[in-house]
Amino acid sequence: MISRRTVAGYLAGSVALAGVVLAIGWWQVDGPGAAPAAPLRPLPLSEMSFSMQDQNGAEVSPGGLIGKPSLVFFGYTFCPDVCPTTLSDISTWLTELDAGAEQLNAVFITVDPARDTVAAIAQYIGYFHPALQGWTGSKAETDHAVADFRASYTLGEGPDYAVDHTSGVFLFQADGRFAGVIDLHEDRAQAVAKVERLLQP
Amino acid sequence: MKRHFFALFLAIAASFPSLALADQPGITVEQPWSRASIGDSRPGAAYLVVQNTGTEIRVLTGVETDMAMMPQIHRTTTDANGVSQMAPAGEIEILAGESLTLAPGGLHIMLMRLNQPLVEGESYALTLVFKNGHNVDISVPILGVAARGPEN
Ligand SMILES: [Cu+2]
């Protein structure tokens, strides 16, 4: 006959075991042991719903990019390191494309509309590839755009504030479907290969 | 009186033989370059490779230049979500025989509050400040706004 104490012992043991299993599960799924979550995918361009002004002051929206593959990058013109580097990279890829830069849309969207007016953006992108577009909008439009791309940004403090921001280049198929990201430190050959792949029918 | 000071100086100099090597800093700087600025309201950036050719660790603590009121060494980092940010790099140790690379998307000299625009084709003087007091003066050529490296 099993004594009460033995049953209680079994129960306590089972509860403790369940606790350990749950703890391991948490560690692996949500805790520090979790594999890094893949960043969220941007919406297809066709489902984005913001509008902004381009470098000429014309009203533009993501839907207008459909028809050609697109490269989209977030940044700001007061950015001394990452943004000119990425715009220079994009300019190089456009120059190296066999099919020609006019087969693609390349769009720079500012996350700092307070300083990046239409005129400021126009002057800035004028130093890079002529196919490059520069979009700016109100704070609300900027937040809407960043949300649709599942990107993020954080404005810094003080008069010389910097802006932390998503730095990868988003790739979209001609029909507006998301097709991947080119990271800041991806090498040139690999980046050009990704862009060339977008142009395959 | 003067002679006493001179004698004292000689005595001190003799007790620190390394001072006699002050003109051999053991530091070589390669491929410095700066991106041209658009006006003077935006911060500028400069890049270079610092080689420690000496036999002792060297600690880079900062930079000085007349071009900017707040020149700082920054580090750009990118997190798992793909968000990039910059922060002052602090003191950087360069081991003997090692080199330190400042390149786009990583360590950079950030020229905050420019005193004048960085004009393509010109160059400017910059001092690398080391903890041991043996600073290194260099000249930094200014390339285009869209320059990506020391060659273009
Ligand atoms: Cu910086």
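Refer to the structure printed above.
Report on the accompanying structure.

What counts as what
Residues numbered from 1 in each chain as written. Chains lettered and ligands numbered in written order. Predicted model: local features only at pLDDT ≥ 70, side-chain atom pairs only at ≥ 80, totals over all residues. Heavy atoms only, no water. Contact = heavy atoms within 4.5 Å. Buried area = accessible area lost by both parts, 1.4 Å probe. Salt bridge = Lys/Arg side-chain N within 4 Å of Asp/Glu carboxyl O. Helix = DSSP H or I, 4+ residues; strand = E, 2+ residues; numbered from the N terminus. Phe/Tyr/Trp six-rings, centres within 6.5 Å; stacked < 30°, edge-to-face > 60°. Buried < 20%, exposed > 50% of the residue type's maximum accessible area, 1.4 Å probe, protein only. Pairing = 2+ DSSP bridges. Axes fitted to C-alpha atoms, helices over the stretch in contact; angles between N-to-C directions. Donors = N, O, S within 2.8 Å, 3.2 Å for Na, K, Ca; no water. 1 Å grid on protein atoms, 1.4 Å probe; cavity = no way out; pocket = protein on both sides within 12 Å on 5 of 7 lines; lining within 4 Å. Points joined across faces, edges and corners; volume = space filled by probe spheres on them. Nonpolar A, V, L, I, M, F, W, Y, C, P; charged D, E, K, R; others polar. Expected span 1.5 Å × (residues − 1). Lys, Arg positive; Asp, Glu negative; His and termini not counted. Polar contact = N/O pair within 3.5 Å; in protein donor to acceptor, adjacent residues only side chain to side chain.

**Focus: the interface of chain B and chain A**
At step 1: Of the residues lining the interface, 27 residues belong to chain B; the matching set on chain A comes to 27 residues.
At step 2: Between chain B and chain A, a total of about 2,200 Å² is buried, with carbon and sulfur atoms accounting for 55% of that surface.
At step 3: Sorting the residues of chain B by area buried against chain A places Ile38, Arg42 and Arg148 of chain B first, and these three jointly supply 26% of that buried surface.
At step 4: Linking chain B with chain A are two salt bridges, by the criterion used here.
At step 5: Taken together, the elements giving at least two residues each to the side of chain B that touches chain A come down to strand 2 (44–52), strand 4 (68–78), strand 5 (83–88) and strand 8 (107–114) of chain B.
At step 6: The biggest single contributor to the side of chain B that touches chain A is strand 5 of chain B, with four residues.

**Section: the packing of aromatic side chains**
Residues and elements named next belong to chain A.
At step 1: Counted according to the given criterion, the structure contains twelve aromatic pairs over all chains.
At step 2: A centroid spacing of 5.6 Å and a plane angle of 55° characterise the contact between Tyr124 and Phe128, whose relative ring orientation is tilted. Summarising the burial analysis for this pair, Tyr124 and Phe128 share the class buried.
At step 3: Through pairs of rings, three or more aromatic residues link up here, namely Phe50, Phe74, Trp135, Phe149, Phe170, Phe172 and Phe178.

**A closer look at the sheet that holds strand 3 (residues 70–75) of chain A**
Residue and element names in this part refer to chain A.
At step 1: One open sheet holds the five strands; their spatial order is 5-4-3-8-9, and the pairing between them is mixed. Every interior strand has two partners, whereas the edge strands, strand 5 (132–135) and strand 9 (178–182), have only one. Put simply, the sheet's adjacent strands are angled 25° from each other on average, direction ignored.
At step 2: Pairing of strand 8 (residues 169–172) with strand 9 involves four bridges; the strand directions are antiparallel. Of the residues in strand 9, the one forming a bridge with Leu171 is Gly180.
At step 3: Across the sheet, helix 5 (residues 188–199) is in contact with strand 3, strand 8 and strand 9; its angle to strand 9 comes to roughly 165°.

**Section: the environment of Leu94 of chain A**
Residue and element names in this part refer to chain A.
At step 1: Topologically, Leu94 is positioned in helix 2 (residues 82–96).
At step 2: We classify Leu94 as buried; its relative accessible area is 3%.
At step 3: Note: C-alpha distance between Leu94 and Val118 (24 residues apart in sequence) is 23 Å.
At step 4: If near-sequence neighbours (up to four positions away) are discounted, Leu94 is found in contact with Ala101, Leu104, Ala106, His129 and Ala131.

**Details of the coordination of the copper ion**
All names here are of chain B.
At step 1: Taken together, His74 (ND1), Met86 (SD), His108 (NE2) and Met110 (SD) make up the protein donors of the copper ion, found 2.2 to 2.4 Å from the metal.
At step 2: All donors of the copper ion come from a single chain, and their spacing in sequence reads H-x11-M-x21-H-x1-M. Of this pair, His74 sits in strand 4 while Met86 is found in strand 5, placing the two residues twelve residues apart along the sequence.
At step 3: Look at Met86 and you get partly exposed, because its relative accessible area is 22%.

**Comments concerning empty space enclosed by the protein**
A probe matching the size of a water molecule, rolled over the atoms, marks out where space remains unfilled.
At step 1: The final tally for this structure, using the stated rule, is three cavities of 30 Å³ or more.
At step 2: Estimates place the volume of the largest cavity at around 150 Å³.
At step 3: Taken together, 15 residues form the lining of the largest cavity, with Cys79 of chain A together with Arg35, Ala36, Ser37 and Pro43 of chain B sitting closest to its centre.
At step 4: Each residue belonging to the lining of the largest cavity can be placed in one class, and the counts come to ten nonpolar, three polar and two charged.
At step 5: In terms of lining residues, the second largest cavity is bounded by Tyr76, Cys79, Asp81, Val82, Ala162, Val163, Asp164 and His165 of chain A together with Thr76, Ser84, Gln85 and Met86 of chain B.
At step 6: Every element with two or more residues in the lining of the second largest cavity is listed here: strand 7 (163–166) of chain A together with strand 5 of chain B.
At step 7: When grouped by side-chain class, the residues that make up the lining of the second largest cavity number six nonpolar, four polar and two charged.

**Description of helix 2 of chain A**
Helical geometry note: an α-helix holds 3.6 residues per turn, so side chains three or four residues apart project in the same direction.
At step 1: An ideal rise of 1.5 Å per residue puts 21 Å on 15 residues; helix 2 of chain A measures up with 21 Å between its terminal C-alpha atoms.
At step 2: Here helix 2 of chain A lies mainly inside the structure; 13 of its 15 residues are buried.

**Describing the pairing of strand 2 of chain B**
All names here are of chain B.
At step 1: In terms of burial, strand 2 is a largely internal element, eight of the nine residues being buried.
At step 2: Pairing of strand 1 (residues 27–35) with strand 2 involves six bridges; the strand directions are antiparallel. Its bridge partner being in strand 2, Thr28 is matched across the sheet by Gln51.
At step 3: In the sheet, strand 2 pairs with strand 8 via three bridges, with the strands oriented antiparallel. Residue pairing for strand 8: Ala46 is matched across the bridge by Ile109.
At step 4: Relative to strand 7 (residues 99–102), strand 2 runs antiparallel, the two sharing four bridges. Across the sheet, residue Val50 finds its bridge partner in strand 7, namely Leu100.

**Thoughts on the side chain of Asp148 of chain A**
Residues and elements named next belong to chain A.
At step 1: Along the chain, Asp148 turns up in helix 4 (residues 139–148).
At step 2: Despite its burial, Asp148 pairs with no opposite charge; the closest candidate is Arg150, at 4.9 Å N-O.
At step 3: Polar side-chain contacts of Asp148 include one of 3.0 Å to the backbone nitrogen of Ser49.

**Some remarks on the side chain of Glu196 of chain A**
Residues and elements named next belong to chain A.
At step 1: Tracing the chain through its elements places Glu196 in helix 5.
At step 2: There is no salt bridge for the buried Glu196, and the closest opposite charge comes from Arg197, which lies 9.6 Å off by N-O distance.
At step 3: Those residues within four positions of Glu196 in sequence are excluded, and the remaining contacts are Glu96, Leu97 and Asp98.

Read these as spatial facts, not as claims about activity.
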